[in-house]
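If you want the building blocks of each chain, they are given just below.
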Amino acid sequence: MQYASFLATDGSETWGLVIDETTYDLGPTGLNLAATIRESIETGIFGTDLDVSGAPTRPESEVTFLPSLTNPGKIICIGVNYRAHQEESGKTGQTAPTVFTRFADTQMGHLVDAVKPTSTTKFDYEGEMALVIGKEAWHVSEEDSWDHIAGYACYNDFSVRDWQKAASQWIPGKNFPTTGGFGPYLVPAADLGDVNNLTLETRVNGETRQKASVADLYFTIPQLMAYVTGFTKLNPGDVIVTGTPGGVGLFWGEGGLLNAGDVVEVEITGLGTLRNTVVDEAN
């Protein structure tokens with residue numbers, strides 16, 4: 001199943017299922033099964049066999065996508081968590097995950113422009129896989145971690161490198177408006193099987209820049225779940241963005257960084273393709 005958040009015909013936020021390139025509105029402007037995808041997770045209907053008969057429909061090509069989750073309580077991001085990215089950035093031998101946060105209002109959906117700030121010359125992509133929490137998670141063991149995950153989605157953690165590297169804390173470079181691509185779909189964990197078999201690929205203008213198996217994560221998903229829930233309680237609808245492979249633009253070579261007009265795609269097996277075009281920030 002492919003869940004998505006999008007704008008209804010009246011411009012309000014809604015959500016639903018995408019089936020054979022058709023959206024079925026299950027939100028406030030449709031069957032009103034829940035206000036948001038997050039609420040559908042909280043109430044336990046996410047990932048269940050829903051009756052969509054009678055739901056308003058539109059071609060997928062006609063909807064404006066929102067971030068897969070429009071109202072996550074927490075977005076926890078993990079840095080340098082693929083071995084190849086550790087090697088290219090010179091940050092090998094980690095003993096604990098590198099953690100930073102992203103704010104919900106910096107996110108955008110599939111096909112929405114990624115805005116390159118006027119204050120940077122170093123705008124970069126980071127294709128990643130995000131996981132969404134399905135139930136309260138506090139001091140979760142590695143063995144129990146999978147039971148706390150509702151689903152997965154593609155993510156692009158667009159990064160403003162000069163702001164990121166100005167100090168030891170990365171948060172400024174990761175929280176400019178409209179720089180967190182999330183979507184197009186949120187797919188239930190039960191539909192994917194072993195996520196270690198999934199492949200993540202990032203393309204810029206059709207050129208493959210990143211390609212890795214999820215199995216190449218340095219800190220595995222169970223390890224991340226145990227670590228993160230060791231210091232903060234996670235609730236349904238919270239997000240962990242698991243890290244990016246090697247091949248980011250900063251280390252790609254001359255011309256590796258992004259400029260207006262560049263089209264960036266993040267594709268993960270079974271999760272669809274997240275596509276965003278870079279535009280310059282308006283003066």
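Residues numbered from 1 in each chain as written. Predicted model: local features only at pLDDT ≥ 70, side-chain atom pairs only at ≥ 80, totals over all residues. Heavy atoms only, no water.

Caption draft 1: Inspection of unusual backbone geometry at higher detail. Residue Pro184 is bonded to the preceding Gly183 through a cis peptide linkage, with omega at 0°. Looking at the secondary structure, you find Pro184 in the loop between strand S13 (180-182) and strand S14 (187-188). Positioned with a positive phi, Asn32 is a non-glycine residue whose angle comes to about 55°. Positionally, Asn32 belongs in the loop between strand S3 (22-25) and helix H1 (37-43). If you check the backbone angles, Val80 has positive phi at about 35° while not being a glycine. Mapped onto the fold, Val80 is located in the loop between strand S5 (75-79) and helix H2 (83-89). (Helix = DSSP H or I, 4+ residues; strand = E, 2+ residues; numbered from the N terminus.)

Caption draft 2: Representation of the pattern of salt bridges in the model. For the coordinates displayed, the defined rule picks out 11 salt bridges. Here Glu265 ties to Arg203 by a salt bridge, and the two come within 3.2 Å at their closest N and O atoms. You can see Glu265 sitting in strand S18 (residues 263-268) and its partner Arg203 sitting in strand S15 (residues 199-204), a full 62 residues away along the chain. The pair formed by Glu265 and Arg203 is uniform in burial state, with each residue classed as buried. Through salt bridges with shared partners, a single ionic network connects Arg102, Asp124, Glu126, Asp157, Arg161 and Lys174. (Salt bridge = Lys/Arg side-chain N within 4 Å of Asp/Glu carboxyl O. Buried < 20%, exposed > 50% of the residue type's maximum accessible area, 1.4 Å probe, protein only.)

Caption draft 3: How the structure looks around the side chain of Gln107. In this fold, Gln107 is placed in strand S7 (residues 107-108). Classification of Gln107 as buried rests on a relative accessible area of 9%. Polar side-chain contacts of Gln107 include one of 2.7 Å to the side chain of Tyr155. Beyond its immediate chain neighbours, meaning those up to four positions away, Gln107 contacts Pro67, Leu69, Pro72, Ile75, Tyr155, Gly180 and Phe182. (Polar contact = N/O pair within 3.5 Å; in protein donor to acceptor, adjacent residues only side chain to side chain. Contact = heavy atoms within 4.5 Å.)

Caption draft 4: Representation of the nonpolar core. Ranked by internal contacts, the top residues of the largest apolar core, which has 36 residues, are Met129, Leu131, Tyr152, Ile221, Ile240 and Leu271. The set of elements that each furnish at least two residues to this core consists of strand S1 (3-7), S5, strand S10 (127-133), strand S11 (149-157), helix H4 (221-228) and S18. Beyond its immediate sequence surroundings of up to four residues, Leu131 is in contact with Ile149, Gly151, Tyr152, Ile221, Met225, Asp238, Val239, Ile240 and Thr242. Formed by 26 residues, the second largest nonpolar core is a distinct cluster that contains Ile41, Phe46, Ala55 and Ala153. (Core = buried A, V, L, I, M, F, W, Y, C linked by side-chain atoms within 4.5 Å.)

Caption draft 5: Local environment of the packing of aromatic side chains. As enumerated under the stated definition, the model contains 9 aromatic pairs in all. A ring pair is formed by Phe123 and Phe158, whose centres lie 5.6 Å apart and whose planes are at 15°; its orientation type is stacked. One end of the pair, Phe123, is in strand S9 (residues 123-124); the other, Phe158, is in the loop between S11 and strand S12 (159-160), and 35 residues separate them in sequence. Exposure class is identical for Phe123 and Phe158. Each is buried. Cluster of aromatic residues (ring-pair linked, three or more members): Tyr3, Trp15 and Phe46. (Phe/Tyr/Trp six-rings, centres within 6.5 Å; stacked < 30°, edge-to-face > 60°.)

Caption draft 6: Looking closely at the pairing of S10. Here S10 lies mainly inside the structure; 7 of its 7 residues are buried. Side chains Gly127, Met129, Leu131 and Ile133 project from S10 onto one buried face, and the interleaved Glu128, Ala130 and Val132 project onto a second face that is buried too. One ladder, built from 7 bridges, connects S10 with S11; its direction is antiparallel. For Gly127, the partnering residue across the bridge sits in S11 and is Asn156. The pairing of S10 with strand S17 (residues 239-241) spans 3 bridges and is antiparallel. Residue Val132 lies in a different strand from S17, and its bridge partner there is Val239. (Pairing = 2+ DSSP bridges.)

Caption draft 7: Local environment of H4. Buried residues of H4: Ile221, Pro222, Leu224, Met225 and Val228, and no others. In a view along the axis of H4, the buried residues occupy a sector of 160°, so they form one face of it. Where the residues of H4 are buried, they touch S5, S10, S11 and S17. (Arc of directions from axis to C-beta.)

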